[in-house]
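Take a look at the letters that make up each chain.
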Amino acid sequence: MAPALTVLADGQQLAALVADRLLAALASGRPLGLATGRTMEPVYAALRHRIAALPPRQRQQLLAGWCSFNLDEYVGLEPEDPRSFAGVMAAALGRPLQLPADRLQLPDGRAADPDAEARRYSAALAAAGGIGLQLLGLGSNGHVGFNEPPCAADAPCRCLPLAAATREQNACAFGGDPAAVPQRAISLGLAEILAADQLLLVVTGAGKAEILRRSLQEPPCPEVPASWLQRHPRLEVVVDAAAAAALQLR
Ligand code: GLP
């Protein structure tokens, strides 16, 4: 089935639409799957504003019921490290919303045995009933979460080495030095991602236009991990005009 595609010219409008989806997903009571990356910064800003604007009772209810699982985390960084995804999520949502630390769940990047931590995290997600809505960004090499190419559609949550392209893409948070980016990460796999009730892929910028086209409009293959998302019956894709530039639109 073709995904529901929304192309928005304006970044503010895009962030607002995605924040509305997240708010509805939080209110549903099902665990929410969250993502990091620059794409999500305006989305989380819009979500904070929406939550702040709720009537106090509704806001309290929403925050009290908050249950989210992030896609991934670097191996070797403390959660207090602002470069870790735990640190990023605490700055974007945890502290501004005064969420107790255990509500924003992520793999533990400090775990002595990252493989065991990946199994624990996957089991914790399963025990919570799996993901309701999974928010996803797109890596410039076609990764989702940190599922680097090549990646099978049934790859589980695991510890894996990061691709050189990914370490370059994420170097800006590490003083611009790709060598300073951790070499490994723990990531939910395509297995857990495809098991979510709904997927919401958010992509912005001309630099992702070609990989977005390959992800959505070429047959799924391990070389483009995001292409497996086509198999999900409830995939929504929200993009800006620059990211949509290479898509064949009817
Ligand atoms: C990161 C994350 C992904 C994210 C992607 C895109 O490395 N692991 O979950 O979606 O790469 O990041 P950005 O939005 O900064 O382009």
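Keep in mind it's a predicted model, so treat the numbers as computed, not measured.

## Some words on the pairing of strand 6 (residues 133–136)
The alternating pattern of strand 6 places Leu133 and Leu135 on one face and Gln134 and Leu136 on the opposite face, and all of these are buried. Looking at chain direction, strand 6 and strand 9 (residues 198–203) are connected through four bridges and run parallel. Paired with Gln134 across the two strands is Leu199, which belongs to strand 9.

## Here's the deal with the pattern of salt bridges
Per the stated rule, a full pass over the model turns up 10 salt bridges. For the salt bridge of Arg50 with Asp20, the shortest nitrogen-to-oxygen distance reads 2.4 Å. Of this pair, Arg50 sits in helix 2 (residues 40–52) while Asp20 is found in helix 1 (residues 11–28), placing the two residues 30 residues apart along the sequence. Classification of Arg50 by relative accessible area gives partly exposed; the value is 26%. In this structure, Glu78 and Arg110 form a salt bridge, with 3.8 Å as the shortest nitrogen-oxygen distance. Residue Glu78 is found in the loop between strand 4 (72–74) and helix 4 (85–97), and its partner Arg110 is found in the loop between strand 5 (104–105) and helix 5 (114–127); the two are separated by 32 residues along the sequence. Judged by its relative accessible area of 42%, Arg110 is partly exposed. Counted as one network, the salt bridges with shared partners bring together Glu210, Arg213, Arg214 and Glu218.

## Here's the deal with the site of the ligand
Around the ligand sit 13 residues, and of these Arg38, Thr39, Asp72, Asn170 and Lys208 come closest. In this structure, Asp72 approaches the ligand through a side-chain N or O atom, which is 2.8 Å from a nitrogen atom. Protein burial of the ligand: of its 400 Å² of free accessible surface, 96% is covered by the chains. Of the residues in the shell around the ligand, the class split is two nonpolar, eight polar and three charged.

## Observations concerning the nonpolar core
If you look at the biggest cluster of nonpolar residues, it comprises 81 residues, and the most contacted ones within it are Tyr44, Trp66, Leu93, Leu135, Leu201 and Leu229. In terms of residue count, helix 1 provides more of this core than any other element does, eight residues in total. Ignoring sequence-local partners within four residues, the contact set of Leu201 consists of Leu136, Gly137, Leu138, Leu212, Leu216, Leu229, Leu235, Glu236, Val237 and Val238.

## A look at unusual backbone geometry
Geometrically, the link from Pro149 to Pro150 is a cis peptide bond, its omega value of -5 degrees lying close to zero. Position of Pro150 among the secondary structure elements: in the loop between strand 6 and strand 7 (158–161). Even without being glycine, Gln98 reaches a positive phi, approximately 55 degrees. Mapping Gln98 onto the fold places it in the loop between helix 4 and strand 5.

## Re the packing of aromatic side chains
Taken as a whole and judged by the stated rule, the model has five aromatic pairs. The interplanar angle of 40 degrees and the centroid separation of 4.7 Å between the aromatic rings of Tyr74 and Phe85 together place this pair among those described as tilted. Taken as a pair, Tyr74 in strand 4 and Phe85 in helix 4 lie far apart in primary sequence, 11 residues in all. Here Phe85 falls in the buried class, since its relative accessible area comes to 8%. Between the aromatic rings of Phe85 and Phe146, the centroid separation amounts to 5.6 Å while the plane-to-plane angle is 15 degrees, which identifies the pairing as stacked.

## Things to note about the side chain of Ser215
Residue position: Ser215 is located in helix 8 (residues 209–217). Residues in contact with Ser215, not counting those within four places in the same chain, are Leu138, Val224, Ala226, Ser227 and Gln230.

Criteria and cut-off values
- Residues numbered from 1 in each chain as written.
- Predicted model: local features only at pLDDT ≥ 70, side-chain atom pairs only at ≥ 80, totals over all residues.
- Heavy atoms only, no water.
- Buried < 20%, exposed > 50% of the residue type's maximum accessible area, 1.4 Å probe, protein only.
- Helix = DSSP H or I, 4+ residues; strand = E, 2+ residues; numbered from the N terminus.
- Pairing = 2+ DSSP bridges.
- Salt bridge = Lys/Arg side-chain N within 4 Å of Asp/Glu carboxyl O.
- Near = heavy atom within 4 Å.
- Polar contact = N/O pair within 3.5 Å; in protein donor to acceptor, adjacent residues only side chain to side chain.
- Areas by Shrake-Rupley, 256 points an atom, 1.4 Å probe, with all protein chains shown as cover.
- Nonpolar A, V, L, I, M, F, W, Y, C, P; charged D, E, K, R; others polar.
- Core = buried A, V, L, I, M, F, W, Y, C linked by side-chain atoms within 4.5 Å.
- Contact = heavy atoms within 4.5 Å.
- Phe/Tyr/Trp six-rings, centres within 6.5 Å; stacked < 30°, edge-to-face > 60°.

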